[in-house]
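Letter by letter, the chains look like this.
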Amino acid sequence: MNMVELQEKFAYELGSSMEVDWDVVKVHYENMTLDGENHEMFVAIYFSKGVREQFDITPEGLDILEMLHRAQPAEHAEKWTWFDFEMNSSGKYNFSYQYGMPPQIAALYGKRNP
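Analysis parameters
- Residues numbered from 1 in each chain as written.
- Predicted model: local features only at pLDDT ≥ 70, side-chain atom pairs only at ≥ 80, totals over all residues.
- Heavy atoms only, no water.
- Pairing = 2+ DSSP bridges.
- Helix = DSSP H or I, 4+ residues; strand = E, 2+ residues; numbered from the N terminus.
- Phe/Tyr/Trp six-rings, centres within 6.5 Å; stacked < 30°, edge-to-face > 60°.
- Buried < 20%, exposed > 50% of the residue type's maximum accessible area, 1.4 Å probe, protein only.

Where strand β1 (residues 24-34) meets strand β4 (residues 82-88), 7 bridges bridge the pair, whose relative direction is antiparallel. For H28, the partnering residue across the bridge sits in β4 and is D84. In this sheet, strand β5 (residues 93-98) lies alongside β4 in antiparallel orientation, the contact comprising 6 bridges. Its bridge partner being in β5, E86 is matched across the sheet by N94. Turn length for the β4-β5 hairpin, with the two strands adjacent in sequence and antiparallel, is 4 residues, and the turn residue G91 shows positive phi of about 100°.

Written out as structure tokens, the structure is:
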């Protein structure tokens, strides 16, 4: 699968796995090899009627994230290391890919972007 197909699959998995009514879902995902060891973390939240709640991504969703991380965008030589994802309840979504040192991994390990 290419990146677009994986993005669509992740959005579908996330939306269909939610067991509550929600207005917006947001995921912050980081995956980077640092000092020879892979580090992966995420924060997933949804908003419903003005209330913010954290939730877990399903194992299937995490598998899709790993496949997405292995996929390389055709137009980029550098591999992305983190993204912010947002989807509204109508199914419209956006991935914002970033490069370099992910902020949460940097905070945990005292690293900085070069």
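Considering all chains together, one arrives at 13 aromatic pairs under this definition. Judged by centre distance (6.2 Å) and plane angle (55°), the rings of Y29 and W80 are tilted. Residue Y29 is found in strand β1, and its partner W80 is found in the loop between α2 (59-70) and β4; the two are separated by 51 residues along the sequence. W80 matches Y29 in its accessibility class, with the two residues each being buried. Aromatic pair F83 and Y97: ring centres 5.5 Å apart, planes at 70°, arrangement edge-to-face. Within this pair, whereas F83 is found in strand β4, its partner Y97 is found in strand β5, the two being separated by 14 residues in sequence. Assessed through its relative accessible area of 0%, F83 is described here as buried. For Y97, a relative accessible area of 19% corresponds to the buried category.

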